[in-house]
Amino acid sequence: MSSDSFGRAGGLSAPSRRLFVQGLAAGGAAAALGLWPRTSWAVKAEGVPNVLSGTEFDLTIGETPMNFTGATRPAITVNGSIPAPLLRWREGTTVNLRVRNALPPGSIHGHQASIHWHGILLPANMDGVPGLSFDGIDRGETYQYRFNVVQGGTYWYHSHSGFQEQAGLYGPLV
Ligand SMILES: [Cu+2]
């Protein structure tokens, strides 16, 4: 009696867990094969994810004409890539991220830029939200972010200036 109900409970939970694991595997395979929608990672090198890892990073915010909608618009890229490169950090290390604002003069996205590390625990002046212990990055300038990585997980980073995030300044963080 008790072994029967125990077995049934196991039988009920096993398939859903198996499907979940299969789903994860399929997602991972799709990512590995570059089967995400065509626009993803398309600018830099089609089908090749733009991944940067380590502790030293040079990120250049620029502008690139893009046509996703039928009308060409100036999109924002990081190191020529949209979305911005996948950054891989390691917990327990100190990362240095030199972010240069290379938006052209007269850009519709303004003269100032920023990168905010979404969900990352760090000192206020490294958070990258203009107006909060951080003045933004003016055109032609480089801001050096430096902080200890004290957590693990999957996050993202994005601009906190005007509509730059919507124009392409967003990227994944692992
Ligand atoms: Cu955010």
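It should be noted that the structure appears before, not after, this text.
Residues numbered from 1 in each chain as written. Predicted model: local features only at pLDDT ≥ 70, side-chain atom pairs only at ≥ 80, totals over all residues. Heavy atoms only, no water.

A. Spatial organisation of the overall build of the chain. Assigned secondary structure in the chain consists of one helix and eleven strands. Residue burial in the chain is summarised as follows: out of 174 residues, 32% are buried. By sequence separation, contacts in the chain at least 24 residues apart represent 65% of the contacts at least 6 residues apart. Taken as a whole, the chain presents about 10100 Å² of accessible surface, with 58% of it coming from carbon and sulfur. (Helix = DSSP H or I, 4+ residues; strand = E, 2+ residues; numbered from the N terminus. Buried < 20%, exposed > 50% of the residue type's maximum accessible area, 1.4 Å probe, protein only. Contact = heavy atoms within 4.5 Å. Areas by Shrake-Rupley, 256 points an atom, 1.4 Å probe, with all protein chains shown as cover.)

B. Molecular detail of the coordination of the copper ion. Taken together, His118 (ND1) and His158 (NE2) make up the full set of protein donors to the copper ion, lying 1.8 to 1.9 Å away. One end of the pair, His118, is in strand 7 (residues 116–118); the other, His158, is in strand 10 (residues 155–158), with 40 residues separating them in the sequence. (Donors = N, O, S within 2.8 Å, 3.2 Å for Na, K, Ca; no water.)

C. The arrangement of the sheet that holds strand 3 (residues 73–78) in detail. The sheet built from four strands is open, its strands ordered 3-2-5-9 with mixed pairing. The open sheet terminates on both sides in strands that have one partner only, identified here as strand 3 and strand 9 (142–148). Going from strand to strand, the sheet's axes swing by 20° on average, the running direction of each strand aside. The pairing of strand 5 (residues 94–101) with strand 9 spans seven bridges and is antiparallel. The residue of strand 9 that forms the bridge with Thr94 is Asn148. (Pairing = 2+ DSSP bridges. Axes fitted to C-alpha atoms, helices over the stretch in contact; angles between N-to-C directions.)

D. Up close: the pairing of strand 5. Inspection of the sheet shows strand 2 (residues 56–66) paired to strand 5 by six bridges, in the parallel sense. When the bridges of strand 5 are listed, Thr60 appears paired with Arg100.

E. Structural view of the pattern of salt bridges. All chains considered together, the criterion is met by two salt bridges. Close ionic contact of Arg98 with Glu56 constitutes a salt bridge, the shortest N to O distance being 3.0 Å. Remark: Glu56 occurs in strand 2 and Arg98 occurs in strand 5; sequence separation between them is 42 residues. By relative accessible area, Arg98 is classed as partly exposed at 22%. Between Arg98 and Asp58 there is a salt bridge, with the nearest N and O atoms lying 2.8 Å from each other. Note that Arg98 is positioned in strand 5 and Asp58 in strand 2, a separation of 40 residues in sequence. When salt bridges that share partners are traced, they join Glu56, Asp58 and Arg98 into one network. (Salt bridge = Lys/Arg side-chain N within 4 Å of Asp/Glu carboxyl O.)

F. Representation of the packing of aromatic side chains. The full count for this structure, using the stated rule, is eight aromatic pairs. Here the aromatic cluster, defined as three or more aromatic residues joined through ring pairs, consists of Trp89, Trp117, Phe134, Tyr143, Tyr145, Phe147 and Tyr157. (Phe/Tyr/Trp six-rings, centres within 6.5 Å; stacked < 30°, edge-to-face > 60°.)

G. Local environment of the environment of Thr93. Counting through the fold element by element, Thr93 comes out in the loop between strand 4 (86–88) and strand 5. Separated by 38 residues in the primary sequence, Thr93 and Thr55 place their C-alpha atoms 7.2 Å from one another. Those residues in contact with Thr93 that lie beyond four places of it in its chain are Thr55, Phe147, Asn148 and Val149. At 2.6 Å, the side chain of Thr93 forms a polar contact with the backbone oxygen of Arg90. (Polar contact = N/O pair within 3.5 Å; in protein donor to acceptor, adjacent residues only side chain to side chain.)

H. Spatial organisation of the nonpolar core. In this structure, Trp89, Leu97, Trp117 and Tyr145 are the most contacted members of the largest nonpolar core, which totals 26 residues. Listing elements by their share of this core, those giving two or more residues are strand 2, strand 3, strand 5 and strand 9. (Core = buried A, V, L, I, M, F, W, Y, C linked by side-chain atoms within 4.5 Å.)

I. Region of the structure containing the side chain of Ser107. Within the element layout of this structure, Ser107 appears in the loop between strand 5 and strand 6 (112–113). Accessibility expressed as a relative area gives 11% for Ser107, which makes it buried. A polar contact is formed between the side chain of Ser107 and the backbone nitrogen of His109, at a distance of 2.9 Å. Each residue touching Ser107, except ones within four places of it in the same chain, is listed here: Glu63 and Arg139.

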